[in-house]
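Structural overview
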Amino acid sequence: MNVVINPTLIKSLSINLMFICLLLFSACSKKELEYNKPAMYWYESILKEINFGNLEGADSYFSSLQSEHINSPLLPEAMLILAQAHVDKEEYLLASFYLDEYSKRFSAFNEHDYLGYLKILANYHGFKNYAKDQDFVYRSIDDIEEYLETFPKSRYTPFVEYVYIKFKLGENELNESIASVYKRKGKKEAAEDYLSRNREILEGIKIKSSYMPWYVRIFNW
């Protein structure tokens, strides 16, 4: 059986193959040249990647900005932008990372209550994803208690108190789940230990009665 080879087809395939190789080579060359750039180049690249929804690329560009321009005034702004971008993508642990870094390196004292509030808020939104993670719940509660002790009169304190109650109720539910598992395994002492923690939790939560204006109360007597 004779096989007829079409010269035009072979030529077309060869051209396409060369074109693909050229694109790959160009992409690799461009990637290799991505260094020693001005701070504004990295900053704009971060924004572009965020707009494209590619936060992994944005994080990578941030690493380059930080590595090559450690004292750039664009760094703190980039951190806050990336923190918000990760919150929007529901990547709360990465958001907390950027907020922690910003707080350690760039924040003034009068910003600390706001940054602490943002981190607590990120943890609160992430709670639905990590509700069964004991370490996450305990760390978040510790952060909130430290915040309330440090900034008792902050404008954000009422919001933080609300989040605190949510986390404590979440801890209560988590303890009940753990106690239930221990009960099924016949470990009554361990189950009772977790249930006793819940009694302490409920006793320790101070829930304030909501304010009701007089003109509302007259319809509820």
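A brief look at the structure comes next. Since this is a predicted model, take the numbers as computed values, not measurements.

Conventions and cut-offs
Within each chain, residues carry numbers counting from 1 in the order of the written sequence. Per-residue local features of the predicted model are confined to residues with pLDDT of at least 70, and side-chain atom pairs are confined, for both listing and counting, to 80 or more; whole-chain, interface and lining totals are unaffected and use all residues. Only hydrogens and water are set aside; all other atoms, that is, all heavy atoms of the structure, feed into the side-chain values. What counts as a helix is a DSSP run of H or I of at least four residues, what counts as a strand is a run of E of at least two, and both are numbered from the N terminus. To sort residues, take the accessible area from a 1.4 Å probe on protein chains only and compare it with the maximum for the residue type: under 20% means buried, over 50% means exposed, and anything in between is partly exposed. Whether two residues are in contact is decided by their heavy atoms: any pair within 4.5 Å suffices. Every accessible area reported is derived by Shrake-Rupley at a probe size of 1.4 Å, with residue values counting cover from the shown protein chains alone. Pairing of aromatic side chains requires ring centres within 6.5 Å, counting the rings of Phe and Tyr and the six-membered ring of Trp. Pairs whose planes differ by under 30 degrees are stacked, by over 60 edge-to-face, and all others tilted. Here, a charge over a ring is recorded when the distance from Lys NZ or Arg CZ to the ring centre is within 6 Å and its angle to the ring normal is within 35 degrees. Interaxial angles span 0 to 180 degrees and are taken between N-to-C directions of axes, which are lines fitted to C-alpha atoms, for helices over the stretch in contact. Roughly parallel means an angle under 35 degrees; roughly antiparallel means over 145; roughly perpendicular covers 65 to 115; every other angle is labelled oblique. In this classification, Asp, Glu, Lys and Arg are treated as charged, Ala, Val, Leu, Ile, Met, Phe, Trp, Tyr, Cys and Pro as nonpolar, and every other residue, Gly included, as polar. Buried Ala, Val, Leu, Ile, Met, Phe, Trp, Tyr and Cys residues that are joined via side-chain atoms within 4.5 Å together make up what is termed a nonpolar core. We call a crossing left-handed when the near helix sits turned anticlockwise from the far one by less than a right angle, and right-handed when that turn is clockwise.

**Considering the overall build of the chain**
Secondary structure assignment for the chain yields 10 helices and zero strands. What you see in the chain, going N to C, is helices and strands ordered as α-α-α-α-α-α-α-α-α-α. Here the chain holds 221 residues, and 31% of them are scored as buried. A sequence separation of at least 24 residues applies to 54% of the contacts in the chain between residues at least 6 apart. With the model as given, the accessible surface of the chain reaches about 15700 Å², and the carbon-plus-sulfur share is 58%.

**Regarding the packing of aromatic side chains**
Taken as a whole and assessed by the stated rule, the structure comprises 13 aromatic pairs. Between tryptophan 42 and tyrosine 61, the ring centres sit 5.8 Å apart and the planes meet at 40°, which makes this aromatic pair tilted. Within this pair, whereas tryptophan 42 is found in helix α2 (residues 39-51), its partner tyrosine 61 is found in helix α3 (residues 55-68), the two being separated by 19 residues in sequence. Taking the centre distance of 6.4 Å and the plane angle of 70° together, the rings of tyrosine 124 and tyrosine 162 count as edge-to-face. Taken together, the residues span a long stretch of sequence, with tyrosine 124 in helix α6 (residues 112-130) and tyrosine 162 in helix α8 (residues 157-184) at a distance of 38 residues. Given the relative accessible area of 24%, tyrosine 124 is considered partly exposed. The structure contains a cluster of three or more aromatic residues connected by ring pairs, namely Tyr114, Tyr117, Tyr156 and Phe159. Over the aromatic face of tyrosine 41 sits the side chain of lysine 37, whose NZ or CZ is 5.1 Å from the ring centroid. Above the face of the tyrosine 194 ring, arginine 197 is positioned so that its terminal group lies 4.1 Å from the ring centre.

**Observations concerning the packing of α2 against helix α4 (residues 74-88)**
Contact geometry of α2 with α4 gives a least axis separation of 11 Å together with a crossing angle of 10°. One finds that α2 runs roughly parallel with respect to α4. Residues Ala39, Met40, Tyr43, Ile46, Leu47 and Ile50 of α2 pack against Leu74, Glu77, Ala78, Ile81, Leu82 and Ala85 of α4. For the contact of α2 with α4, the per-class residue count stands at 11 nonpolar, no polar and one charged.

**Examining unusual backbone geometry**
In this model, glutamate 90 sits at a positive phi of 65°, which is unusual for a non-glycine residue. Structurally, the position occupied by glutamate 90 is in the loop between α4 and α5 (92-105).

**So, the nonpolar core**
Counting 19 residues, the largest nonpolar core has Ile120, Val137, Ile144, Tyr147, Val160 and Phe167 as its most contacted members. Looking at this core, the elements with two or more residues in it are α6, α7 (134-150), α8 and α9 (188-204). In terms of residue count, the dominant contributor to this core is α8 (seven residues). Beyond its immediate stretch of four places on either side in the chain, isoleucine 144 contacts Ile120, Val160, Val163, Tyr164 and Phe167. Counting residues in hydrophobic clusters, the runner-up holds 18 residues, among them Phe62, Ala78, Leu82 and Tyr102.

**Examining the environment of arginine 155**
Its location among the elements puts arginine 155 in the loop between α7 and α8. Under the relative-accessibility criterion, arginine 155 is labelled exposed at 67%. C-alpha of arginine 155 to C-alpha of tyrosine 114: the two residues are 41 residues apart in sequence and 8.9 Å apart in space.

**Some points on the side chain of serine 45**
Checked against the element boundaries, serine 45 lands in helix α2. Serine 45 gets classed as buried once you look at its relative accessible area, which sits at 9%.

**Considering the packing of α7 against α8**
The axes of two packed helices give the description: the angle between them and the distance between them. Between α7 and α8, whose axes approach to 10 Å, the crossing angle comes to 150°. In terms of orientation, α7 lies roughly antiparallel with respect to α8. Regarding α7 and α8, the two cross each other, and that crossing is left-handed. Counted together, Gln134, Phe136, Val137, Tyr138, Ser140, Ile141, Ile144, Glu145, Tyr147 and Leu148 of α7 and Thr157, Val160, Glu161, Val163, Tyr164, Phe167, Lys168, Glu171, Leu174, Asn175 and Ile178 of α8 form the full contact between these two elements. A breakdown of the residues in the contact of α7 with α8 according to their chemical character gives 13 nonpolar, four polar and four charged.

**Section: the environment of leucine 74**
Along the chain, leucine 74 falls in helix α4. Exposure remark for leucine 74: the relative accessible area of 15% places this residue in the buried category. Separated by 31 residues in the primary sequence, leucine 74 and tyrosine 43 place their C-alpha atoms 7.0 Å from one another. Setting aside its immediate chain neighbours within four residues, leucine 74 contacts Ala39, Met40, Tyr43 and Leu65.

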